[in-house]
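The lines below spell out each chain.
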Amino acid sequence: MIIKHGNIALPNTTEFASFDLEINHGEITSIGKDLQGTNILNATGLQIFPGAIDPHVHFDDPGFTDREDFYHGSCAAASGGITTVIDMPCTSIPPVTSLKNFKKKLDIVCKKSVIDFGFYGGISNQVYVDNYKEVIAELSEHIMGFKSYLISGMDTFCSLTYDELADIMIEVYKHNRPVLLHAEDLNTIIEATKIQQQAGNSYENYYKSRPEKAEIVAVQNAIEAAKETGCQLHIVHIGTSDAAILLKDITNVTGETCPHYLEFNYKDFERVGGSLKTAPVVKTTKDSEKLWQYLADGTLEFVASDHAPAPPSQKNTGSAWTDYSGIPGTGTLFPYLYSEGFIKRQIPLDRFLQIISENAAKRYGFFDRKGSIEIGKDADLVFVNPKKNYQVRGEEFLSKGKLTPFESMILKGKIEKTMVRGKVVFDAKQGITAKAGFGKLIKPTNS
């Protein structure tokens, strides 16, 4: 296949390049002028980006498929220009806390995904008490990293203490994998929740029950453990800017934020309601503005969706305390960042490419195959028409989740096609064009 007349976003450049792309056997084999071939894809007027990577999704498969499954989740991702996702270990039954559970999940997921995918392993309190060293050893070659929580609402995946987290880091360090951490301080939230539950059941009460201090304290303590152990640490879904800035210039600690923290604040939460409930909760306008700054200057590595939808019956229960925490986000991740980051805030092209694909591929060990448009890499591409707009309509989502806080938002740019390993898996006119099971498992290079 030859892709002609597109404007290509090559790595380490601030301008699009007017080159053709040649693709053979799913890989990019040539980048240049006037390439010749018989199978031509005309990309006139389109910008061509490396396929976006969403390194934080909860596709809930198996076990919680009333909320989401890997087919619908991967279709939603493909429609939003995502070509690779990494699925969290905690929201499936059984959780990915052993090699046996990993294999069970893979056997189900490999028949469903339309895009490529990886898994994280999980270290819960149950695993810590039982056999965490053995679990880390047997899972390391198969997964991108190990996820743990300092506070958890899941009975099947309980949280760790700070001392237990440090023990986990010591062991994970031996196997050259990062620890991913949900960083909110348990004691801070327990104390605040007691006060706020007595005060009411509004969304502002819920916001105040998970204050900025909870993230700041947890990140401080986790950083100290990372420094002492040398372990690679990644803080997921940071919503508090004063927590994010703590990561600056620490070589073995990185962080991500999410679109909802960049766009919304707790006043929006009170206005929008359950469709914006997440954990951590959205914070203040100051936090949103600062998070954009830290994303642009490299303090934060990238943005992930934390995709975790639920049906209306679970999202609109009548109380902020019982509404499900999580939103559908993988399909709007790239469109939002393109419109509000690349276009509106004029984040330079080279930095934008790091945010949407390059840094996640590097962080989790598969940049040799994905994350940029280069010869020898997988032909994972997203084609954007910069002259069209996209209006967010939840009812049109390919995810099982239809309730989104971004409802009716108009985003600049429209995704025309998404390509995985040289195959168009989504077309704006035709919809999903790949069969379930086309997506492949990816593992870190050094596995």
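Up top you'll find the structure we're talking about.
Let me begin by describing the structure that accompanies this report.

Cut-offs applied
- Residues numbered from 1 in each chain as written.
- Predicted model: local features only at pLDDT ≥ 70, side-chain atom pairs only at ≥ 80, totals over all residues.
- Heavy atoms only, no water.
- Helix = DSSP H or I, 4+ residues; strand = E, 2+ residues; numbered from the N terminus.
- Contact = heavy atoms within 4.5 Å.
- Salt bridge = Lys/Arg side-chain N within 4 Å of Asp/Glu carboxyl O.
- Buried < 20%, exposed > 50% of the residue type's maximum accessible area, 1.4 Å probe, protein only.
- Expected span 1.5 Å × (residues − 1).
- Pairing = 2+ DSSP bridges.
- Axes fitted to C-alpha atoms, helices over the stretch in contact; angles between N-to-C directions.
- Core = buried A, V, L, I, M, F, W, Y, C linked by side-chain atoms within 4.5 Å.

### Concerning the environment of Ile375
Then comes step 1: Mapped onto the elements of the fold, Ile375 is located in the loop between helix H14 (349–363) and strand S16 (381–391).
Then comes step 2: Between the C-alpha atoms of Ile375 and Phe102, which are 273 residues apart in sequence, the distance is 32 Å.
Then comes step 3: Excluding residues within four positions of it along the chain, Ile375 makes contact with Ile28, Thr29, Ser30 and Ile31.

### Quick word on the pattern of salt bridges
Then comes step 1: By the definition in use, this model includes 23 salt bridges.
Then comes step 2: Among the salt bridges present, the one from Glu358 reaches Lys362, with a minimum N-O distance of 2.8 Å. In this pair, Glu358 and Lys362 are both assigned in helix H14, 4 residues apart and thus about one turn of the helix distant.
Then comes step 3: Looking at Glu358, the relative accessible area reads 6%, which means it is buried.

### So, helix H5 (residues 186–199)
In an α-helix, one turn spans 3.6 residues, which is why side chains three or four residues apart end up on the same side.
Then comes step 1: Its 14 residues place the ends of H5 20 Å apart at the C-alpha level, agreeing with the 20 Å of an ideal helix rising 1.5 Å per residue.
Then comes step 2: Buried residues of H5: Thr188, Ile189, Ala192, Thr193 and Gln196, and no others.
Then comes step 3: Its buried side turned inward, H5 meets helix H6 (203–209) and helix H7 (212–229).

### Topic: the sheet that holds strand S9 (residues 116–119)
Strands pair in a sheet through their backbones, by hydrogen bonds, and they do so in one of two ways: parallel or antiparallel.
Then comes step 1: Taken in spatial order, the 3 strands make up an open sheet running S7-S8-S9, and their pairing is parallel. What marks the edges here is a single partner per strand, and that holds for strand S7 (52–57) and S9. For this sheet the average axis-to-axis angle between neighbouring strands, irrespective of direction, equals 20 degrees.
Then comes step 2: The pairing of strand S8 (residues 82–87) with S9 spans 4 bridges and is parallel. Each residue of the ladder has a partner; that of Ile86, found in S9, is Gly118.

### Quick look at the sheet that holds strand S18 (residues 423–427)
Then comes step 1: Here we have 6 strands laid out as an open sheet, ordered S2-S6-S16-S17-S18-S19, and mixed in their pairing. Unpaired on one side and paired on the other, strand S2 (7–8) and strand S19 (431–432) mark the two borders of the sheet.
Then comes step 2: The pairing of S16 with strand S17 (residues 410–420) spans 8 bridges and is antiparallel. When the bridges of S17 are listed, Leu381 appears paired with Met419.

### Side note on the nonpolar core
A general tendency of soluble globular proteins is for nonpolar side chains to be buried together.
Then comes step 1: Core analysis: the biggest nonpolar cluster contains 97 residues, and Phe49, Ile235, Phe334 and Leu337 have the highest contact counts within it.
Then comes step 2: Sequence-distant contacts of Ile235, that is, excluding residues within four places in its chain, are made with Leu181, Ala183, Val219, Ala222, Leu247, Val253, Thr254, Gly255 and Glu256.

### A few points about the environment of Lys133
Then comes step 1: Here Lys133 is to be found in helix H3 (residues 125–139).
Then comes step 2: With 246 residues separating them along the chain, Lys133 and Ala379 place their C-alpha atoms 38 Å apart.

This is a description of form; function is not addressed.
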